[in-house]
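# Tertiary structure, described
Here are the chains, one letter per residue:
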Amino acid sequence: MSTTTELNIGHDVHHDEHHDHKQSFISKYIFSTDHKMIAKQYLVTGIFWGIIGVLMSVLFRVQLGFPGANLEWLRPVLGGWLTEAGKIDPEFYLALVTMHGTIMVFFVLTAGLSGTFSNYLIPLQIGARDMASGFMNMLSYWFFFISSIVMLSSIFIESGPAAGGWTVYPPLSALPQAIQGSQLGMTLWLVAMVFFIVSILLGGINYITTVINLRTEGMTFTRLPLTIWSFFLTAVIGLLSFPVLFAAALLLVFDRSFGTSFYLSDIYIGGEALPNMGGSPILYQHLFWFLGHPEVYIVLLPALGITSEIIATNSRKPIFGYRAMIGSMLGITVLSFVVWAHHMFVSGLNPFLGSVFMFLTLIIAVPSAVKVFNYITTLWKGNIIFTPATLFSIGLVSFFISGGLTGIFLGNSVIDIQLHDTYFVVAHFHLVMGSLSIFGLLAGIYHWFPKMFGRMMDAKLGHIHFWMTFIGVYLIFFPMHYIGIAGFPRRYYSWTNFDAFSGYTDLNMFVSIAAFVTVAAQFIFLFNFFYSMYRGKKAPQNPWNSNTLEWTAPIEPGHGNWVGEIPKVYRWPYDYSKPGAKDDFIPQHVPLSTTPESNLPHEQELAKQEQLNTSAHAKTTES
Amino acid sequence: MATTATMDTAKSRWGGGMAPMNTSYGKLMMWFFLLSDAFSFSALLITYGLIRYSHPAYSGSVADFEFSTEYWPIPEMVFEALPFLHGVHAPLIFVGIMTFILILSSVTMVLAVEAGHRMDRKGVIKWMLWTIIGGLAFLGCQAWEWSHFIHGTDEGTMTAAGEVIYGANLTINQYGPPLFASLFFFITGFHGFHVFSGVVINFIIFFNAVVGTYDKRGHYEMVEKSGLYWHFVDLVWVFVFTLFYLI
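Residues numbered from 1 in each chain as written. Chains lettered and ligands numbered in written order. Predicted model: local features only at pLDDT ≥ 70, side-chain atom pairs only at ≥ 80, totals over all residues.

## Some details on the overall build of chain B
Secondary structure assignment for chain B yields nine helices and two strands. Mapped in sequence order, the helices and strands of chain B form the string α-α-α-α-α-α-β-β-α-α-α. A globule of 247 residues ought to have a C-alpha radius of gyration of about 18 Å, yet chain B, at 23 Å, is considerably larger. Each of the three principal axes of chain B carries a C-alpha extent, and together these read 85 × 40 × 25 Å. (Helix = DSSP H or I, 4+ residues; strand = E, 2+ residues; numbered from the N terminus. Rg over C-alpha atoms; globule rule 2.2 N^0.38 Å.)

Next comes the structure, spelled out in structure tokens:
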């Protein structure tokens, strides 16, 4: 054929060889290089971590809502982490909060979300046989696995896991004598994070390269589904921000274990002066938040991409403002790197610098609002089909609005002085980053489950799951705004000792009960997920009448995704309800020349071009 | 395919079905890895800058300079020794030689890549060997420099507490504030580890070239990929050198 193929000979030969091989159990399910299996590995590991992270939140919600509760019956599980009186140990409480944050942000919403859907959808939606490097993809998962093992093991050691908050600010995290959680648990935390970063980089490099190099013929960047755009930009953000956390973590390792003072200076602990001089804990904050803020968008963007796809499909309308969506994601990507110090308004930052970061932060409202309006205008007057995935996507948009608005409050350096480190912040990021991304994850699972496992999830259970979770999330996090405005600080073990705060006990009890119910609802999902995997209704070829390429692959695609040639792409992925068309959707692989009835004027031109090309192609193959 | 002729414009190269920049996935991955690694080094060098400027600088004349933990030292007074020439004041000569060796090894790397393009196995073997030798020589020099830095000068430095300290480690430092030594060890160590990995990678490439792996494969692209990495490590050294030794 042409030079085109010569360039890719390496992959094609490699992938074609593997088509219908009988694989051993180990190479199929464990050390698999197939992107689909790796995606499922990420998904299952992510769900496992999700369960642990959520159960931890249940434990500390018990403490916050029912401060005197006797948990003696949990002693077989919690052991020494309960006080003599059967209450949660204060240091264990700190460890719970820390691990809940770490697990949810990194292990569930970064690895679980990006790892699952980038891996699963990138090759299938751009029309590639697999990732650019299947081997590196496998390594990426296994580094994540090692990281998981290390992090998990820290829960079982005597001094307990890290307890300095998920941001692990020094000096607290740097000094083992400060709290129990800064001993071995903190070391394991850092080791786990180093492996985690390696995993993210291996994955991210692969995603970016695959999107650039392995798109099928006709799949220009402006014909990519928005999911792919979001995964691509997420990987770019991760590639540029995680190495900075890597550097920060290594410096912290040296401070903890080798006596340096990069982050330490002028410290008295237990009446004793430490020898460390000259370092700066603020330096750590800068390095951490240079990752920490982009991390928010690493968690957010894939969820938004998934939503774009699901909302367009299920309102049977083209996505409103496709290019504006891409533009706003690009804008968010760039801005995510220049706003980190808005987490540090009260760290003694120069107020002028604060106002610069405030300005940059507030600009993010613009691309975010563009996205929200585009979701709403896509839904507007659509033939909305309320699948569980649609509901979760709409729920996501709702959180994006309600959680995003409080972001404007917090982005103001002056208002932040009052609200900093209160439950207002907790409410804000749990809505806009936590719940939003979890909803993206759940929507994605409901939507692509048929492709992943060849079976359908139960829609009724999905609806129940959605309504309980959606209402539950608002009942949990909305009251927290009030608690926060009243000045409740986050991360406190108990407020009942303070007169000023004890007035809100009933509200906290309410939040805790809402949390328990919402967590209970997740078991409906877990049942639905695992039951449907084996007993669900068999999935049809294209259950949602969707346009993207993954639905042209076999119902349960093998290694290599398509039997025979990879489909070519002739149009963008959002030709839903196109005037004049027979059906209300035209998949991307349908040539324009076969749909003259619905082509727009400029598409007629392209259709002519297509026919010329195919006839030329036919001629050359004859000769 | 006749269509390629009409499609071979810059615009349609991004149209899918081909590598848009005419670059293999492996080479692209190396570029992205280097981009990300550049950010880890940037983070460390910014750390260096911030900590350095939070310490007072030496304000007197160069001739009167004495080591003290009170101010950041002048680099040319710290890095002034040469092996076998005890007591000779040769500011920045040794590190200059080190830098020259590393840059020279980049040149030999370029020649190896070029030989690879011509499918000249012997040329690749020769120039890879020189590159490896250059890398090892740099690491050897660094080992000597570290060792000298750790052992310190004959006189040592008197601290405010009246105690004389010699050399430096991660917690004490005769040349200046302890963080000067910590940063020196951390950042040149981090870079040295990159050089070391580079030497290992280069050795694997060298070995594969010797046993003819790339001739069988039909191209020497691996040489090019490791070359990218090697040049990057060199480039980073230029920044490390500037910050630690020149400014």
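## Concerning the overall build of chain A
Of regular secondary structure, chain A possesses 19 helices and two strands. Radius of gyration (C-alpha) of chain A: 25 Å, near the 25 Å computed for a compact globule of 623 residues. Taking the principal axes of its C-alpha atoms as reference, chain A extends roughly 90 × 55 × 50 Å.

## A short note on the packing of helix α3 (residues 25–53) of chain B against helix α7 (residues 178–211) of chain B
Residue and element names in this part refer to chain B. Running from N to C, α3 and α7 cross one another at 165°; their axes reach a closest spacing of 11 Å. Compared by their axis directions, α3 and α7 come out roughly antiparallel. Crossing hand, α3 versus α7: left-handed. Facing Leu44, Tyr48 and Ile51 of α3, the residues of α7 in contact are Leu179, Leu183, Ile187 and Phe190. When its residues are assigned to classes, the contact of α3 with α7 shows seven nonpolar, no polar and no charged. (Axes fitted to C-alpha atoms, helices over the stretch in contact; angles between N-to-C directions. Parallel < 35°, antiparallel > 145°, perpendicular 65-115°, else oblique. Left-handed = near helix turned anticlockwise from the far one by under 90°. Contact = placed C-beta atoms within 7 Å. Nonpolar A, V, L, I, M, F, W, Y, C, P; charged D, E, K, R; others polar.)

## Comments concerning the confidence of the model for chain B
All names here are of chain B. When pLDDT is averaged along chain B, the result is 90; 96% of the residues meet or exceed 70. Counting contacts from residues 1–8, a segment whose pLDDT is below 50, to residues more than four positions away or on other chains yields 16 contacts. Confidence metrics for the complex model read pTM 0.93 and ipTM 0.93. (pLDDT = per-residue confidence, 0-100.)

## A few points about the nonpolar core
In terms of nonpolar packing, the biggest core is built from 226 residues, with Ile208, Phe232, Val244, Ala248 and Leu436 of chain A touching the most fellow members. Considering each element in turn, this core owes the most residues, 22 residues, to helix α5 (residues 90–126) of chain A. Excluding residues within four positions of it along the chain, Ala248 of chain A makes contact with Tyr284, Leu287 and Phe288 of chain A together with Ala43 of chain B. (Core = buried A, V, L, I, M, F, W, Y, C linked by C-beta atoms within 7 Å. Buried ≥ 20, exposed ≤ 12 C-beta atoms within 10 Å, placed from the backbone.)

## A few points about the interface of chain A and chain B
Chain A puts 47 residues into the contact, and the matching count from chain B is 35 residues. Looking at the side of chain A that touches chain B, the elements with two or more residues in it are α1 (3–17), α7 (184–213), α8 (226–257), α9 (281–314) and α19 (601–622) of chain A. Here the side of chain A that touches chain B is composed, by residue class, of 25 nonpolar, 19 polar and three charged.

## Observations concerning unusual backbone geometry
All names here are of chain A. Geometrically, the link from Pro170 to Pro171 is a cis peptide bond, its omega value of 5° lying close to zero. Along the chain, the position of Pro171 falls in the loop between α6 (134–153) and α7. Phi is positive for Lys381, which is not a glycine, with a value near 60°. Within the fold, Lys381 resides in the loop between α12 (365–379) and α13 (388–411). For Lys381, a count of 9 C-beta atoms within 10 Å corresponds to the exposed category. One non-glycine residue, Arg491, lies in the positive phi region at around 70°. Looking at the element boundaries, Arg491 is found in the loop between α16 (459–485) and α17 (499–502).

## What about the domain arrangement of chain A?
Residues and elements named next belong to chain A. Each assigned domain of chain A is listed here: domain 1 (20–535) and domain 2 (567–622). A separation of 41 Å is found between the C-alpha centroids of domain 1 and domain 2. In this assembly, 13 residues from domain 1 lie in contact with 12 residues from domain 2. Grouping the constituent residues of the side of domain 1 that touches domain 2 by class yields six nonpolar, three polar and four charged. (Domains from an automatic or database assignment.)

## Structural notes on the UniProt feature "transmembrane region" (unreviewed entry) in chain B
All names here are of chain B. According to UniProt, the positions carrying the feature "transmembrane region" (unreviewed entry) are residues 28–51, 92–115, 127–146, 179–207 and 228–246. Here residues 127–146 runs as 100% helix and 0% strand, with 28 Å between its end C-alpha atoms. Taken end to end, residues 228–246 is 100% helix and 0% strand, and its two terminal C-alpha atoms sit 26 Å from one another. (UniProt positions renumbered as here; feature names shortened; annotations may be inferred.)

## A closer look at helix α18 (residues 505–535) of chain A
Residue and element names in this part refer to chain A. The first and last C-alpha atoms of α18 sit 45 Å apart over 31 residues, in line with the 45 Å expected at 1.5 Å per residue. Regarding α18, the residues found buried are Asn508, Val511, Ser512, Ala514, Ala515, Thr518, Phe525, Asn528, Phe529 and Ser532. Those residues of α18 that are buried are in contact with α3 (35–65), α15 (423–453) and α16. (Expected span 1.5 Å × (residues − 1).)

## Observations concerning helix α11 (residues 351–363) of chain A
Residues and elements named next belong to chain A. Here α11 is 13 residues long and its end C-alpha atoms lie 18 Å apart, about the 18 Å a rise of 1.5 Å per residue gives. Buried residues of α11: Gly354, Phe357, Met358 and Thr361, and no others. Taken around the axis of α11, the buried residues stretch over an arc of 110°, which confines them to a single face. Turned more than 90 degrees off the buried face of α11, the exposed positions are Phe352 and Phe359. Contacts from the buried residues of α11 go to α13 and α14 (413–419). (Arc of directions from axis to C-beta.)

## Let's talk about the environment of Ala112 of chain B
All names here are of chain B. Inspection of the secondary structure assignment puts Ala112 in helix α5 (residues 93–117). Residue classification places Ala112 among the buried residues on the basis of 29 C-beta atoms within 10 Å. Counting along the chain gives 104 residues from Ala112 to Lys216, while the straight-line C-alpha distance between them is 18 Å. Those residues in contact with Ala112, other than ones at most four positions away along the chain, are Val124, Trp127, Met128, Thr131, Val223 and Gly227.

## Details of the packing of α9 of chain A against α12 of chain A
Residues and elements named next belong to chain A. Viewed as axis vectors pointing N to C, α9 and α12 meet at an angle of 20°, and their least axial separation amounts to 9 Å. With respect to α12, the axis of α9 lies roughly parallel. You can see that α9 and α12 cross each other, and the crossing is left-handed. Along its contact with α9, which presents Leu304, Thr307, Ile311 and Ala312, the element α12 presents Lys371, Tyr375, Thr378 and Leu379. Residues belonging to the contact of α9 with α12 are distributed by class as follows: five nonpolar, two polar and one charged.

## Quick notes on the UniProt feature "domain: Cytochrome oxidase subunit I profile" (unreviewed entry) in chain A
Mapped onto the present numbering, the UniProt feature "domain: Cytochrome oxidase subunit I profile" (unreviewed entry) falls at residues 25–570 of chain A. From the first C-alpha to the last, residues 25–570 of chain A spans 39 Å; its make-up is 66% helix and 1% strand.

## Section: the confidence of the model for chain A
Should pLDDT be low for a region, the predicted coordinates there are not to be read in detail. Residues and elements named next belong to chain A. Confidence in the prediction of chain A, expressed as mean pLDDT, is 92, and 95% of residues score 70 or more. Confidence, read as mean pLDDT per element, is least for α1 in chain A (41) and greatest for helix α10 (residues 322–335) (97). Contacts for the low-pLDDT stretch residues 1–20, under 50 throughout, to residues beyond four places or in other chains number 21 contacts.

## Notes on the environment of Ile306 of chain A
All names here are of chain A. For Ile306, the position within the fold is in helix α9. Through-space distance from the C-alpha of Ile306 to that of Ala389 is 9.7 Å; in sequence the pair is 83 residues apart. Setting aside anything within four residues of it in sequence, one finds Ile306 in contact with Phe117, Thr227, Gly440, Ala443 and Gly444.

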